[in-house]
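Residue-level structural notes
What follows is each chain in one-letter form.
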Amino acid sequence: MTPKKKIGRPNVEKPLTIEVKARIDVETNERLVKYCNENNLTRTDVVRKGIEKVINEKK
C-alpha cells in the first residue's frame, strides 16, 4: 500500500500567520489604492515594503 498524498496547500518556508490591522483615513486609503493600481501591487505588498523600509532606515 502506498502512502496517501496530503491534500491542500503546500507548506511554505515562512508561513504568513500574523495579521496586522490599522485604521487609516479616506485620503490615505485613496492614495494607497492609487499607488497599488499604478504599480500592480496589493495593499499587503505595500505595507510589507513600508515596514522593511522603516526598519532598514533605522540601521
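All residue numbers here refer to positions counted from 1 along the written sequence of the relevant chain. Reporting of local features is limited, given that this is a predicted model, to residues whose pLDDT is at least 70; pairs of side-chain atoms are given and counted only at 80 or more, and all residues count toward the totals for whole chains, interfaces and linings. Heavy atoms throughout the structure, all of them, feed into the side-chain values; hydrogens and water do not.

1. A look at the overall build of the protein chain
The number of helices and strands found in the protein chain is two helices and zero strands. For the radius of gyration, the atoms used are the C-alpha atoms, and the globule rule reads 2.2 Å times the number of residues raised to 0.38. By the compact-globule yardstick of 10 Å for 59 residues, the protein chain is too spread out, its C-alpha radius of gyration being 18 Å. Looking at the protein chain residue by residue over its 59 residues, the buried ones come to 5%. As displayed, the protein chain has an accessible area near 6,800 Å², and 54% of this comes from carbon and sulfur atoms. Of the charged side chains in the protein chain, 15 are positive and 9 negative; the average position of the first set lies 10 Å away from that of the second. Starting at the N terminus, helices and strands are each numbered in turn, a helix being any DSSP run of H or I of at least four residues and a strand any DSSP run of E of at least two. Only protein chains enter the accessibility calculation, which uses a 1.4 Å probe; a residue whose area is less than 20% of its type maximum is buried, one above 50% is exposed, and one in between is partly exposed. The accessible surface values rely on the Shrake-Rupley method and a 1.4 Å probe; as for residues, cover is taken only from the protein chains in view. Only four residue types enter the tally: Lys and Arg on the positive side, Asp and Glu on the negative side, with His and both chain ends excluded. Charge positions are represented by NZ for Lys, CZ for Arg, CG for Asp and CD for Glu.

2. Structural notes on the pattern of salt bridges
Just to be clear on terms, a salt bridge is a Lys or Arg side-chain nitrogen sitting within 4 Å of an Asp or Glu carboxyl oxygen. Counted under the stated rule, the structure contains two salt bridges. For Lys34, the salt bridge goes to Glu38, with nearest N and O atoms at 4.0 Å. Separated by four residues within a single helix, Lys34 and Glu38 lie in helix α1 (residues 26-39), roughly one turn from each other. Accessibility expressed as a relative area gives 52% for Lys34, which makes it exposed. Taking the shortest distance from any N to any O, the salt bridge between Asp45 and Arg48 comes out at 4.0 Å. Remark: Arg48 and Asp45 occur in helix α2 (residues 43-58); sequence separation between them is three residues, near one turn of the helix.

3. Let's talk about α1
How far a helix is expected to stretch is found by multiplying one less than its residue total by 1.5 Å. Taking 1.5 Å as the rise per residue, α1 with 14 residues should run 20 Å; its terminal C-alpha atoms sit 20 Å apart, in good agreement. Polar contact is defined as a pair of N or O atoms within 3.5 Å, subject to the rule that within protein one atom must be able to donate a hydrogen and the other to accept it, and that residues adjacent in sequence are counted only when both atoms are side-chain atoms. For α1, the N-terminal capping position is held by Asp25, with its side-chain oxygen 3.1 Å away from the main-chain nitrogen of Glu27. Remark: Asn40 follows α1 within two positions and exhibits a positive phi of approximately 50 degrees.

Bear in mind that shape data such as this cannot, by itself, settle questions of function.
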